[in-house]
Amino acid sequence: MSTDAIVLLKEDHKEIRRLFKAFQEAEEGPASKRGKIVGQILEALTVHTYLENEVMYPEVRKLVPDVEDDVLESYEEHHVADVLCFELFTMDAGDERYNAKTTVLIENVLHHIEEEEQEWFPKVREALGRSPLQEIGQRMLDLRPKAPKTPTAPKALKKSLDAVVA
């Protein structure tokens, strides 16, 4: 298993895309099935954004000043996703706006993933190289078991509040 931070984040992105596809396939099905899939989406996004915000983004800001604007935009995109995740977490899957809100979350996150993978991950890889990316990735792996799994977990709420006050 690779410890390269970008490889790890892309693996998360792949899983998140798979969950999005599962939701879209279940969109017209029973609310309970959609709710279960959205629960998995919320957990995956909460863990993923926490690791990026706590490890990847601060390191990249410090080590690769050329992507400062990209990282700041990513923090804001995470904040929007955090708000939508929190709202979905408190909603019933049968709510008339549940599918629409999930669709907006999916669209926003897919946009974010594309920007990361196409625009700034290549710049970061070129600037940092293998060893620093492996060190960052190992820190993310070490932190993953301690990452919040729901949008209402204290660490997840703190991350959301930090985005507002920062």
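See the structure printed just above.
Keep in mind it's a predicted model, so treat the numbers as computed, not measured.

Draft legend 1. Main features of the overall build of the protein. Of the regular secondary structure elements, the protein holds six helices and zero strands. For the protein, the N- to C-terminal ordering of α and β elements is α-α-α-α-α-α. Its C-alpha atoms give the protein a radius of gyration of 16 Å, near enough to 15 Å, the size a compact globule of 166 residues would have. Along the first, second and third principal axes, the C-alpha set of the protein runs to 45 × 35 × 30 Å. In the protein, which comprises 166 residues, the proportion classed as buried is 45%. For the protein, long-range pairs separated by at least 24 residues make up 76% of all intrachain contacts whose partners lie at least 6 apart in sequence.

Draft legend 2. Region of interest: the pattern of salt bridges. Tallied over the entire structure, the rule returns eleven salt bridges. Here E114 and R17 are joined by a salt bridge, their closest N and O atoms 3.0 Å apart. Linking E114 in helix 4 (residues 98–128) with R17 in helix 1 (residues 5–26), this pair joins segments that are 97 residues apart in sequence. Using a relative accessible area of 28% as the deciding quantity, one classes R17 as partly exposed. Its salt-bridge partner being E59, residue R139 comes within 3.2 Å of it at the nearest N-O pair. Placement of R139 in helix 5 (residues 130–143) and of E59 in helix 2 (residues 31–63) is noted, with a sequence separation of 80 residues between them. Using a relative accessible area of 39% as the deciding quantity, one classes R139 as partly exposed. Look at E59 and you get buried, because its relative accessible area is 13%.

Draft legend 3. Structural context of the packing of aromatic side chains. Here the structure, examined in full by the defined rule, presents three aromatic pairs. Geometrically, the ring pair formed by Y57 and Y75 is edge-to-face, given 5.2 Å between the ring centres and 90° between the ring planes. Of this pair, Y57 sits in helix 2 while Y75 sits in helix 3 (residues 68–90), placing them 18 residues apart in sequence. A network of ring pairs unites the aromatic residues Y57, Y75, W120 and F121 as a single cluster.

Draft legend 4. Geometry of helix 1. Its 22 residues place the ends of helix 1 32 Å apart at the C-alpha level, agreeing with the 32 Å of an ideal helix rising 1.5 Å per residue. Of the residues making up helix 1, those classed as buried are A5, I6, L8, L9, D12, H13, I16, L19, F20, F23 and A26. Mapping the buried residues of helix 1 onto a view down its axis gives an arc of 160°, with all of them on the same face. Relative to its buried face, helix 1 has exposed residues pointing more than 90 degrees away, namely K14, K21 and E25. With a side-chain oxygen lying 2.9 Å from the backbone nitrogen of I6, the N-terminal cap of helix 1 falls on D4.

Cut-offs and rules
Residues numbered from 1 in each chain as written. Predicted model: local features only at pLDDT ≥ 70, side-chain atom pairs only at ≥ 80, totals over all residues. Heavy atoms only, no water. Helix = DSSP H or I, 4+ residues; strand = E, 2+ residues; numbered from the N terminus. Rg over C-alpha atoms; globule rule 2.2 N^0.38 Å. Buried < 20%, exposed > 50% of the residue type's maximum accessible area, 1.4 Å probe, protein only. Contact = heavy atoms within 4.5 Å. Salt bridge = Lys/Arg side-chain N within 4 Å of Asp/Glu carboxyl O. Phe/Tyr/Trp six-rings, centres within 6.5 Å; stacked < 30°, edge-to-face > 60°. Expected span 1.5 Å × (residues − 1). Arc of directions from axis to C-beta. Polar contact = N/O pair within 3.5 Å; in protein donor to acceptor, adjacent residues only side chain to side chain.

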